[in-house]
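Summary of the model geometry
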Amino acid sequence: MKSDLEINQATKLKSINEIVKSLHIKEDDLDFYGAYQAKLKASFTSHLKENQISKLILVTAMSPTPAGEGKTTTTIGLADALFSLGKKVAVCIREPSLGPIFGMKGGATGGGYAQVAPMDKINLHFTGDFHAITSANNLLAALIDNHIHHGNLLNIDIDQISFRRCLDMNDRALRNIDLKLDHNDRNTGFDITVASEVMAIFCLAESLDDLQHRLGEIEVAKRKDATSVYAKDLKAEGAMTALLKDAFQPNVVQTLNGTPAFIHGGPFANIAHGCNSVVATKTALKLADYVITEAGFGADLGAEKFIDIKCRQSGIKPDIIILVATIRALKFHGGITVSELNQENLKALEVGFNNLKRHIENCSEHFGLDVIVAINRFNSDTDNEMIWLQNSIDNMGFQSVLCSHWADGAKGAQNLAESVLDQLNKPKTFKFLYEDSLSLKEKITAIALKIYRAKEVQFSDSALKKLVSLEKNYANLPVCIAKTPYSFSNDPKAYGAPENHTLMIRELRLARGAGFVVAICGDLMTMPGLPKIPASEKIKLSAQGFLEGLN
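An account of the accompanying structure is given in this report. (Residues numbered from 1 in each chain as written. Predicted model: local features only at pLDDT ≥ 70, side-chain atom pairs only at ≥ 80, totals over all residues. Heavy atoms only, no water.)

1. Details of the pattern of salt bridges
Test applied: Any carboxyl oxygen of Asp or Glu within 4 Å of a side-chain nitrogen of Lys or Arg constitutes a salt bridge here. Think of it this way: any DSSP run of H or I at least four residues long counts as a helix, any run of E at least two long counts as a strand, and we number them from the N terminus. Using a 1.4 Å probe on the protein chains alone, a residue whose accessible area is under 20% of its type maximum counts as buried, one over 50% counts as exposed, and one in between counts as partly exposed.
Applying the stated criterion to the full structure yields 22 salt bridges. Linking Arg165 and Asp145 is a salt bridge whose minimum nitrogen-to-oxygen distance equals 2.8 Å. Highlighted residues: Arg165 in strand β8 (residues 165-167) and Asp145 in helix α7 (residues 129-149), separated in sequence by 20 residues. Using a relative accessible area of 8% as the deciding quantity, one classes Asp145 as buried. The partner of Asp436 in a salt bridge is Arg312, and the shortest N-O contact between them spans 2.7 Å. With a gap of 124 residues between them, Asp436 in the loop between α17 (414-424) and α18 (440-451) and Arg312 in helix α12 (residues 299-314) connect regions that are remote in the sequence. On the basis of relative accessible area, Arg312 is assigned to the buried category, the value being 16%.

2. As for unusual backbone geometry
Residues other than glycine predominantly adopt negative phi, and peptide bonds predominantly adopt the trans conformation. The residue after Ala117, namely Pro118, is reached through a cis peptide bond having omega 0°. Residue placement: Pro118 occurs in the loop between β6 (114-117) and α6 (119-123). The backbone of Phe297 sits at a positive phi, close to 55°, despite the residue not being glycine. Position of Phe297 relative to the elements: it lies in the loop between β16 (290-294) and α12.

3. Quick word on the layout of surface pockets
Filter applied, for reference: Space inside and on the surface of the protein is sampled on a 1 Å grid over the protein atoms alone, with a cavity defined as a set of points where a 1.4 Å probe fits but cannot get out and a pocket as an open set with protein on both sides within 12 Å along at least 5 of 7 lines; lining residues have an atom within 4 Å of a point. Grid points are joined across faces, edges and corners, and a volume is the space filled by probe spheres set on the points. For this scheme, ten residues count as nonpolar: Ala, Val, Leu, Ile, Met, Phe, Trp, Tyr, Cys and Pro. Four count as charged, namely Asp, Glu, Lys and Arg, and the remainder, Gly too, count as polar.
Taken as a whole, the second largest pocket holds about 1,300 Å³ of empty space. Considering the residues around the second largest pocket, the lining is formed by 43 residues, among which Ser162, Lys466, Glu507, Leu508 and Arg509 are closest to the centre. Looking at the lining of the second largest pocket, the elements that each hand over two or more residues are β7 (156-161), β10 (186-188), α8 (197-204), β12 (219-223), α19 (461-474), β22 (502-511) and β23 (516-521). No other element matches the ten residues that α19 contributes to the lining of the second largest pocket. The residue makeup of the lining of the second largest pocket, split by class, is 18 nonpolar, twelve polar and 13 charged.

This is the structure:
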């Protein structure tokens, strides 16, 4: 059996200017990054008109497991199936981060015969967007220290500098560092780039003017009189925007089936808001009749943030939710170890089904959207297991579709595509989980009790002190919960559907430029570490110079 990389490299790709013809994009509208990658020119995107009939399809998933669910694969497979049915389609997904690529997860370009290409370039440096974001972030960090070095006219309190440097790599050694500078010795640390506020701003801004304004609004520190210092006080936003000017234009590539795919931005969904850029999504909606996008990790994180942060700020809204599940992942949530997942086990499937059931209920009840469950099939799935799962979903009053796009490409998701087209014609009532008028504490509590089914929220002393301060000026902002993606609770090993637990808020951070408040739960780190056996150990170049070992 060929690996994902081998399948990707063996596929004969079309030039990107041929791919985008289906969206009526001309060659002159592109800035090329080789034959198969391009950015849309600002002169093109700035003059696009609204498409009144476009539909936005949000793909999310049950709580992730080591067994894998195939959310990106399903996003691509569904898009390919719709494209094969003659529809005007575009994919919108996030750019991969080097952290998980060399860490545990591996690449983020789909799998099997439902992939975007060229896989090797997209997963590594791509068009350089993440490097630009990292540079802009670290320029601001350098300007803060430089200002203090040259006299500190802003009267910055060095013990209250909140802005951190970043790097797009998993490196636990950078979580806590001591800076040794004249009159500025302090403890600080790095975040991974995809957890930075600059990344969030990049993905939520709708124009270069909006981007520059948001960058200037970043709160970087407090003065000794407790008033705030912003990036604009350091006159940083202009240079930061200059670094991001080219990166801000959406990237376009192709699926193995020839479907146009926009890949732009990439905040983590456990730490940040987990969605591709607003500018890419809105561009796709103007160009295509059907846009398939995804939100990171499970629906409790990615989908909730997609709706309560991205949709709230941008005005877009999904027309339907596709919830990806696998029998293997359900059995894992039912208490079975990874080594046992290939064996039939209806009891474990029944116990683990509670995880999927809660996600279905949350998406339908709290977001007001129709939900279709896409069952991503594996060869080890038995007929008894598939029948039981489909009957259980049917008994809830929801539709499920067996999919084999990993093995069969577009053909394997055709039934899913037809079900989506049928369901899109039915009325729905989209809604947010909470109102803007609620306090920050009430918003956090709403997410905890309604989505996570917690019994209460507890704040650390420092988080409670920060909450009191933030409620004065920022109670109108949405909340971004940063927690483990593997459980509805703080505990990453509390699989299934835990309830009546306590959500522990360790820290609150203001992302003023991005326009939300981050609530960090438990012991979640904003700079991940590498596993004992990192994926990097398998990655190398062949004697012919071809990439090998990338998942």
